[in-house]
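A closer look at the structure
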Amino acid sequence: MADHLLNLVDETQFENDIVNYIEIAKDYIFKYRKFRDILYAKEYMMNNLDDNNWNPYYKAMFCFLTDDIFPGQKYYQMFLDNSFFERIMKQDNYPEKVEDLNKEYVLDMIRNQRHYWHSKTAMKKMKNYPEWE
């Protein structure tokens, strides 16, 4: 795809490339729009993320958001058991026990992040969704 970005042969080739890029972009847009459905997003994450790095944490958040408590606790425990995150958990005040994490905690974290980003001068033009507050 990007190998012929600068390889302009003629206007027909240019037009064909642009149409191709638009089609690729459209496919990505349709794919990402599906993520508005939390159940789709959760299923996608569960099927496409392995259990390394931050992925158990992300999986836990999706489980709690969909009221799937026991798998959420399992994934959050995997996150807690990873010594790499010990300093980060203390520094950023993550719950240290699985029992302390629930859907309301996750929603509060999301609200806090949105508030933080909306307070940034460069982000003032971001669309605000009052129903998500």
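What comes next is a walk through the structure. Computed from a prediction, not measured in an experiment: that's the story for all the values here. (Residues numbered from 1 in each chain as written. Predicted model: local features only at pLDDT ≥ 70, side-chain atom pairs only at ≥ 80, totals over all residues. Heavy atoms only, no water.)

**Focus: a nonpolar patch on the surface**
Together, F14, I18 and I22 line one region of the surface with nonpolar side chains, adding up to about 280 Å² of accessible area. Along the chain, F14 turns up in helix α1 (residues 11-33). (Patch = residues over 30% accessible without salt bridge, like charges linked within 9 Å, V, L, I, M, F, W, Y side chains within 5 Å. Areas by Shrake-Rupley, 256 points an atom, 1.4 Å probe, with all protein chains shown as cover. Salt bridge = Lys/Arg side-chain N within 4 Å of Asp/Glu carboxyl O. Helix = DSSP H or I, 4+ residues; strand = E, 2+ residues; numbered from the N terminus.)

**Examining the pattern of salt bridges**
Two side chains carrying opposite charge are able to pair once their charged atoms lie near each other. Taken as a whole and assessed by the stated rule, the structure comprises six salt bridges. Residues K103 and D67 are paired through a salt bridge, measuring 3.4 Å at the closest nitrogen-oxygen approach. A residue pair is termed long-range when its members are at least 10 positions apart, and K103 in helix α6 (residues 103-119) and D67 in the loop between α3 (55-65) and α4 (69-81) qualify at 36 residues. Given the relative accessible area of 30%, K103 is considered partly exposed. Put simply, R111 and D108 hold a salt bridge, and the shortest N to O gap is 2.8 Å. (Buried < 20%, exposed > 50% of the residue type's maximum accessible area, 1.4 Å probe, protein only.)

**A few points about α3**
Burial runs high along α3: 10 of the 11 residues are buried. Among the residues making up α3, those that are buried are N55, P56, Y57, K59, A60, M61, F62, C63, F64 and L65. Tucked inside the fold, the buried residues of α3 contact α2 (38-48), α4 and α6. Immediately downstream of α3, the backbone of D67 shows phi near 60 degrees, a positive value. (Contact = heavy atoms within 4.5 Å.)

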